[in-house]
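# Analysis of the macromolecular model
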Amino acid sequence: AMRVAQATGVTDAGRKRRRNEDAYVVDPPLFAVADGMGGAQAGEVASQLAAAVLRQSPGDEGDAEQRVVALIQEANRQIYERARSDAHASGMGTTITAAMLARDEVAIGHVGDSRAYRIRGGELEQLTEDHSLVADLMRSGRLTPEEAETHPQRSVITRALGTDPDV
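Residues numbered from 1 in each chain as written. Predicted model: local features only at pLDDT ≥ 70, side-chain atom pairs only at ≥ 80, totals over all residues. Heavy atoms only, no water.

### Some points on the overall build of the protein
Defined as follows: Elements are defined by DSSP. Helices are runs of H or I of four residues or more, strands are runs of E of two residues or more, and each kind is numbered from the N terminus. Each residue is placed in one exposure class: buried if its accessible area under a 1.4 Å probe, protein chains only, is under 20% of its type's maximum, exposed if it is over 50%, and partly exposed if it falls in between. Residue contacts are counted whenever heavy atoms from the two residues lie within 4.5 Å of one another. Here the Shrake-Rupley method, with its probe set to 1.4 Å, supplies the accessible areas, and only the displayed protein chains count as covering residues.
Assigned secondary structure in the protein consists of four helices and seven strands. Its helices and strands taken in sequence order, the protein reads β-β-α-α-β-β-β-β-β-α-α from the N to the C terminus. Considering the protein as a whole, with its 167 residues, one finds that 36% of them fall into the buried category. Pairs at least 24 apart in sequence give 53% of the contacts found in the protein among residues at least 6 apart. Taken as a whole, the protein presents about 10,600 Å² of accessible surface, with 46% of it coming from carbon and sulfur.

Shown next, in the form of structure tokens:
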């Protein structure tokens, strides 16, 4: 069985943004990162809301994958409702990448362009595929990784929590 020996979380606004709209959950067996989007403080509200839903994660109902899906759908529902009912939060959303540890596996739920990686034997491997315009263009062969780095629409994501009733 897997055991979490040590866990930590840290976040940084980076070089481009004035505000940090990240939220994270380090609550074994659940780990997640969310990066909010939307005007004013709406992105921050969305990512914090997603993290709060995940922190209230239900017990052991279903397997790890079912639990991750249920949590992400509930976070989506709450963010979507808040965006509809609060003019200041209109149009807000957030990415989410969540990992739930089970006995001998890790279930990963993912929406947007936050990422999950595995480090094994000193090698870093990206486990999730970005839901973004440039990633879609790269997958279809219409854009090279080099072109993607400077593409004017490289920040456009194609899937997020809170923007549609279902995710």
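On we go from here.
### Notes on the pairing of strand 5 (residues 106–111)
Side-chain direction in a regular strand flips from residue to residue, so the side chains alternate between the two faces of the sheet. To keep it simple, the criterion reads: In this analysis, strands are considered paired if DSSP registers two or more bridges between them.
Of the strand pairs in this sheet, strand 4 (residues 96–101) and strand 5 are connected by six bridges, and their pairing is antiparallel. When the sheet's bridge partners are listed, Ala 98 is paired in strand 5 with Gly 109. Connecting strand 4 to the antiparallel partner strand 5 that follows it, the hairpin turn spans four residues.

### Let's talk about unusual backbone geometry
In this structure, Pro 29 follows Pro 28 across a cis peptide bond, with omega equal to 15°. Note that Pro 29 resides in the loop between strand 1 (22–27) and strand 2 (30–37).

### Examining the pattern of salt bridges
Applicable threshold: Salt bridge, as applied in this entry: a Lys or Arg side-chain nitrogen positioned within 4 Å of an Asp or Glu carboxyl oxygen.
Under the counting rule described, the total for this entry stands at seven salt bridges. The salt bridge partner of Arg 84 is Glu 81, with a shortest N-O separation of 3.8 Å. Of the two residues, Arg 84 and Glu 81 both sit in helix 2 (residues 64–85), three residues apart, roughly one turn of that helix. Among the residues examined, Glu 81 registers a relative accessible area of 36% and is labelled partly exposed. Between Asp 86 and Arg 82 there is a salt bridge whose closest N-O contact spans 3.4 Å. Among the charged side chains, a salt-bridge network with shared partners connects Glu 129, Asp 136 and Arg 139.

### Regarding the side chain of Ser 114
Within the secondary structure, Ser 114 sits in the loop between strand 5 and strand 6 (117–120). Residue classification places Ser 114 among the buried residues on the basis of a relative accessible area of 10%. Aside from chain neighbours lying at most four places away, what touches Ser 114 is Val 33, Asp 35, Thr 95, Thr 97, Thr 128 and Asp 130.

### Observations regarding a negative patch on the surface
Note the following rule: The patch calculation keeps residues exceeding 30% relative accessible area without a salt bridge and links them within 9 Å when they carry like charges or within 5 Å when they are nonpolar (Val, Leu, Ile, Met, Phe, Trp, Tyr). We treat Lys and Arg as the positive residues and Asp and Glu as the negative residues; His and chain ends play no part in the count. Here the site of a charge means atom NZ of a Lys, CZ of an Arg, CG of an Asp or CD of a Glu.
Side chains of Asp 63, Glu 65, Asp 104 and Glu 105 sit close together on the surface and give a patch of like negative charge. In this structure, Glu 65 sits in helix 2.

### Comments concerning the packing of helix 1 (residues 42–55) against helix 2
Two measures define how a pair of helices packs: the angle their axes make with one another and the distance between the axes. This is how the line gets drawn: Axis lines are fitted through C-alpha atoms, for helices just across the contact stretch, and the angle between N-to-C directions can take any value from 0 to 180 degrees. Note that the term roughly parallel is reserved for angles under 35 degrees, roughly antiparallel for angles over 145, roughly perpendicular for angles of 65 to 115, and oblique for everything else. Two helices that cross are described as forming a left-handed crossing if the nearer one is turned anticlockwise from the farther one by less than a right angle, and a right-handed crossing if clockwise. Charged means Asp, Glu, Lys or Arg here, nonpolar means Ala, Val, Leu, Ile, Met, Phe, Trp, Tyr, Cys or Pro, and polar covers whatever is left, Gly included.
In the contact formed by helix 1 and helix 2, the axes pass within 9 Å of each other and the chain directions differ by 140°. As summarised for this structure, helix 1 and helix 2 are arranged oblique, according to the angle between their axes. Here helix 1 and helix 2 pass one another in a crossing that is right-handed. Along the contact surface, helix 1 presents Val 45, Ala 46, Leu 49, Ala 50, Val 53 and Leu 54, while helix 2 presents Leu 71, Glu 74, Ala 75, Gln 78, Ile 79 and Arg 82. Along the lines of polarity and charge, the residues of the contact of helix 1 with helix 2 split into nine nonpolar, one polar and two charged.

### Structural notes on the environment of Glu 105
The residue Glu 105 is located in the loop between strand 4 and strand 5 in this model. By relative accessible area, Glu 105 is classed as partly exposed at 42%.

### As for the environment of Gly 93
For Gly 93, the position within the fold is in strand 3 (residues 93–94). For the pair Gly 93 and Gly 112, spaced 19 residues apart in the sequence, the C-alpha separation amounts to 9.9 Å. Discounting chain neighbours no more than four positions away, the residues touching Gly 93 are Gly 36, Met 37, Gly 43, Ala 46, Leu 161 and Thr 163.

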